[in-house]
Amino acid sequence: MRICIKNAAGFVNAEALKQLESQTEAANLLLENGQGAGNDFIGWVHLPSSITDAFLEEVQACADELRKRCEVVIVAGIGGSYLGARAVNEALASAFDAFVAKDRKNPYVVYAGNNIGEDYLAELMEFISDKQFGIINISKSGTTTETALAFRLLKTQLEKQVGKEEARHRIVAVTDRAKGALRSLATKEGYKTFVIPDNVGGRFSVLTPVGLLPIAVAGGNIREIVRGAQEMEKATDVSVPFAQNLACQYAAIRNALYQSGKKIEILVNFNPKLHFFSEWWKQLYGESEGKENKGIFPASVDFTTDLHSMGQWIQEGERSIFETVISIEKASKTVLVPTDAENLDGLNFLAGKRVDEVNKMAELGTQLAHVDGGVPNIHISFEKLDEFNIGQFIYFFERGCGISGYVLGVNPFNQPGVEAYKKNMFALLNKPGYEAESAAINARLNK
């Protein structure tokens, strides 16, 4: 993995950037020694190096059991309880995996509990009505509304289709070690369970069973993912000086840009397989930094697609943005542009070239245009899109997030703001215990 900040450094004060070098190293040390804010949720920092072969074997054995019994496995979770797994699975799978019916090696992995869409749930339940399916239910509490609602519906349907005894073998609970509604249900019903560590928050949980089990079910090599994360853990350790520490460099330049008035970071990819990595990244950084009226707003685009929709704004809109571009150096497959005798589309000048070469030149041309247009550009490249590099990718952004949050001066590991909508929703639904809130909201709405 490589990071290039030269097309961003020119937009910030050199002295300010130099000061941030020491600040990021100090922040990295806070992560290492556990003396920063939210230090009860930094179990992810040394998680890769603590993962054992025995643990990976247990996860893989459970995945293999689901793979044996199920055509479809539904991952029920929201936010950090599903985004990481979906990001990895979408990156590794064929773009047309959903349409492959014959000779499938892996179950279909689909997702629920991440919305309250009635049509979505109805269509999912219809889809699995004639299929052998299982459920991975991911929730520390077991009471998160979106996930609990979906699980109640899916559990009921599974038990009707195959009976309670068989359903018991097809439901896996990933939850708290000792408490919560899902832990109680899993103990009562005898479900296979995995623990979400108490000291790892949801958005940092990809390398726990939260992410590893669904990835293994989908056919991903979880050992290689962990190996990549372990390598990045070493590469971003406090013993690695700033000049070689990629996470510190990323945290420093983005904070320098923020201090100079760049309030929006756009994560850019030129590979459609990375779309859900952007979704995972947005939660990781948005929920970690967006508090106390501070924080860079995380946005994302898929290029070159979005150059035909967002390109104009990025090129010439308000100069409050910077770009972080994720680049995959080597495509997995080879497609050559053919020659056409009539050349009506005027593309014969590309004949014999790989499609990926065209894409790379689009990437470089876009970078040059945007920098010329006043958009700072951070460039992050990976050799290829495989499990090892994905493991590096995950840990790099996690480490960079923790460092960056401390430099910003917030607790990167809490999320007090996410409860506000829940209180209002429960009051509007007349949930017991919310009578006062319900009366206040009704009075407000009836003004």
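Check the entry above for the structure.
Structural notes, computed from the coordinates. Predicted model, so just to flag it, every value in this text is computed and none were measured.

**Structural notes on the overall build of the protein**
Right, so step 1: Helix and strand counts for the protein come out as 18 helices and 10 strands.
Right, so step 2: What you see for the protein is a C-alpha radius of gyration of 23 Å, in line with the 22 Å of a compact globule of 447 residues.
Right, so step 3: For the protein, the spread of C-alpha atoms along the three principal axes comes to 60 × 60 × 55 Å.
Right, so step 4: Buried residues in the protein amount to 49% of all 447 residues.
Right, so step 5: Summed over all atoms, the accessible surface of the protein reaches about 20,800 Å², with 53% contributed by carbon and sulfur.
Right, so step 6: Of the side chains in the protein, 47 bear a positive and 55 a negative charge, and the two mean positions are spaced by 4 Å.

**So, a negative patch on the surface**
Right, so step 1: On the surface, a cluster of negative charge is contributed by E118, D119, E123 and E126.
Right, so step 2: Inspection of the secondary structure puts D119 in helix α6 (residues 118–127).

**Focus: the side chain of E323**
Right, so step 1: Residue placement: E323 occurs in strand β9 (residues 321–330).
Right, so step 2: The charged side chain of E323 is buried without a salt bridge, its nearest counter-charge being R319 at 8.3 Å.
Right, so step 3: Separated by 2.9 Å, the side chains of E323 and H370 make a polar contact.
Right, so step 4: Ignoring any residue separated from it by four or fewer positions in sequence, one finds E323 in contact with I266, V268, F303, I314, H370, V375, P376, N377 and I378.

**As for the packing of aromatic side chains**
Right, so step 1: Enumeration according to the criterion identifies 20 aromatic pairs in this entry.
Right, so step 2: Taking 6.3 Å as the distance between ring centres and 90 degrees as the angle between the ring planes, the aromatic pair formed by Y285 and F397 counts as edge-to-face. Linking Y285 in helix α13 (residues 275–289) with F397 in helix α16 (residues 387–408), this pair joins segments that are 112 residues apart in sequence.
Right, so step 3: One cation-aromatic arrangement involves K192 over F194; the distance from NZ or CZ to the ring centre is 4.9 Å.
Right, so step 4: The aromatic ring of Y258 is capped on one face by K263, whose charged end is 4.2 Å from the ring centroid.

**As for the pairing of strand β2 (residues 72–76)**
Regular strands have side chains that alternate between both faces of the sheet.
Right, so step 1: For β2, a buried count of five out of five residues is recorded, marking the element as mostly surrounded by other parts of the structure.
Right, so step 2: In β2, alternate side chains face the same way, and those of V72, I74 and A76 on one face and V73 and V75 on the other are all buried.
Right, so step 3: As a crossover connection, the stretch from β2 through helix α5 (residues 83–92) into strand β3 (residues 108–112) is right-handed.
Right, so step 4: As defined by bridge partners, β2 adjoins strand β4 (residues 133–138) across five bridges and the pair is classed as parallel. Within the sheet, the bridge partner assigned to A76 lies in β4 and is N137.

Rules behind the numbers
- Just so you know, the residues in each chain are numbered from 1, in the order the chain's sequence is written.
- In keeping with the predicted nature of the model, local features appear solely for residues at pLDDT of at least 70, side-chain atom pairs appear and are counted solely at 80 or more, and the whole-chain, interface and lining totals rest on all residues.
- Think of the side-chain values as coming from all heavy atoms in the structure, minus any hydrogens and water.
- By the criteria applied, helices consist of DSSP H or I runs no shorter than four residues and strands consist of E runs no shorter than two, each listed in order from the N terminus.
- Just to be clear, the radius of gyration here is over C-alpha atoms, and the globule rule we use is 2.2 Å times residues to the power 0.38.
- Partly exposed residues are those whose accessible area sits between 20% and 50% of the maximum for their type, while under 20% is buried and over 50% is exposed, using a 1.4 Å probe and protein chains only.
- Per-residue and other accessible areas follow the Shrake-Rupley method at a 1.4 Å probe size, with only the shown protein chains counted as cover for residues.
- Within this scheme the basic residues Lys and Arg register as positive and the acidic residues Asp and Glu register as negative, but His and the chain ends are omitted.
- To locate a charge, take NZ of a lysine, CZ of an arginine, CG of an aspartate or CD of a glutamate.
- Nonpolar side chains (Val, Leu, Ile, Met, Phe, Trp, Tyr) are joined into patches within 5 Å and like charges within 9 Å, using only residues with over 30% relative accessible area and no salt bridge.
- Should a side-chain nitrogen of Lys or Arg be within 4 Å of a carboxyl oxygen of Asp or Glu, the pair is scored as a salt bridge.
- Pairs of N or O atoms within 3.5 Å make up the polar contacts considered here, provided that, within protein, one atom can donate a hydrogen while the other can accept it, and that residues adjacent in sequence are counted only when both atoms are side-chain atoms.
- Any pair of residues with heavy atoms lying within 4.5 Å of one another is described as a contacting pair.
- Any pair of Phe, Tyr and Trp rings, taking the six-membered ring for Trp, is counted once the centres come within 6.5 Å. Such a pair is stacked with planes under 30 degrees apart, edge-to-face with planes over 60 apart, and tilted for the rest.
- A ring is considered to have a charge above it if a Lys NZ or an Arg CZ atom is located within 6 Å of its centre and within 35 degrees of its normal.
- A clockwise path from the first strand over the helix to the second, with the strands pointing away from the viewer, defines a right-handed crossover.
- Should DSSP find at least two bridges between two strands, the strands are regarded as paired.

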